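Coordinates in review
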Amino acid sequence: DMARLENMASLCLGYLVRAAVSGMGIEADLKWPNDLLLTARDGTEITEGKFGGILLEERNGRILAGLGLNLRHAPGVPLLREGHAVPAVALPSFDGTVCEFWADLLAGMISRYERDVAHATLEMVRRKGETALAWRGMTVYAEDAGTTGRVAGITEDGFLRLETEDGCLLVSSGSIRLLEE
């Protein structure tokens, strides 16, 4: 079904971008369902910011993917949507050309696609994508569901799986934000 494929496509693309930028020395995670977070681990401190996003659109039975990244500049807080989950950031110490960056990114994504995704089942893609997931084991607020829960993983349909006080909750849409613990 197209909804399942779109959910898995976002997860797969997030995994491929994460793998490619990791090869470029950039630590990143995928904030379900479609945001790319920069993670800087300094001892026990984790600071995060959104440096990119994935946009998927269905047209005539095909899924088109768009990818936006903040290479040199990021919008300030007044320009972000109300209720944004994390601040926007630009990639640190980006000093090359945009064309060189995109060429390196694309080469890394293609390499990882050929190695991990091209001949994989949807379950294999789900497991790979789950490795890219931000905030695993941490408590988040799921906006559309109006509840909090601990990020437990991704279902075979690409839904976010949260462990709540009332049991397992599957989140199919909306934004999540990290809660201070």
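Residues numbered from 1 in each chain as written. Predicted model: local features only at pLDDT ≥ 70, side-chain atom pairs only at ≥ 80, totals over all residues. Heavy atoms only, no water.

Points about the overall build of the protein
Cut-off, in case you're wondering: Helix and strand definitions here come from DSSP, where helices need a minimum of 4 consecutive H or I residues and strands a minimum of 2 consecutive E residues; each element is numbered from the N-terminal end. Burial classes follow relative accessibility: with a 1.4 Å probe on protein chains only, a residue under 20% of its type's maximum area counts as buried, one over 50% as exposed, and anything between as partly exposed. Working definition of accessibility: Shrake-Rupley area with a 1.4 Å probe, residue cover restricted to the visible protein chains.
Helix and strand counts for the protein come out as three helices and nine strands. If you list the helices and strands of the protein from N to C, you get α-β-β-β-β-α-α-β-β-β-β-β. In the protein, which comprises 181 residues, the share counted as buried stands at 35%. A total accessible area of about 10200 Å² is found for the protein, and carbon and sulfur atoms account for 50% of it.

Brief notes about the packing of aromatic side chains
Selection criterion: Two rings from Phe, Tyr or Trp (for Trp, the six-membered ring) form a pair when their centres are within 6.5 Å of each other. A pair whose planes differ by under 30 degrees is stacked, one over 60 is edge-to-face, and the rest are tilted.
As enumerated under the stated definition, the model contains one aromatic pair in all. Measuring from centroid to centroid gives 6.1 Å for F101 and W102, while their planes differ by 90 degrees, and the two rings are edge-to-face.

Digging into the environment of S175
By the element assignment, S175 lies in the loop between β8 (167-171) and β9 (176-178). Separated by 30 residues in the primary sequence, S175 and A145 have C-alpha atoms spaced 9.5 Å apart.

Points about the sheet that holds β8
Selection criterion: Here, any two strands with at least 2 DSSP bridges between them count as paired. For every element, the axis is a line fit to its C-alpha atoms; helices are fit only across the contacting stretch, and the angle between N-to-C directions ranges from 0 to 180 degrees.
With respect to topology, five strands assemble into an open sheet ordered β8-β7-β6-β5-β9, the strand pairing being antiparallel. Unpaired on one side and paired on the other, β8 and β9 mark the two borders of the sheet. Averaged over all pairs of adjacent strands, the angle between strand axes in this sheet comes to 45 degrees, irrespective of strand direction. Judged from the four bridges that link them, strand β6 (residues 147-154) and strand β7 (residues 160-164) form a sheet pairing that is antiparallel. Residue G153 lies in a different strand from β7, and its bridge partner there is R161.

Observations regarding the environment of V89
The condition is simple: Note on definitions: a residue-residue contact is assigned when non-hydrogen atoms from the two residues lie within 4.5 Å.
Inspection of the secondary structure assignment puts V89 in the loop between β4 (62-69) and α2 (98-117). The exposure class assigned to V89 is partly exposed, which follows from its relative accessible area of 23%. Along the backbone, V89 and K50 are 39 residues apart, and their C-alpha atoms lie at a distance of 5.7 Å. Apart from the residues within four sequence positions on either side, V89 is in contact with L38, G49, K50, F51, N70 and A74.

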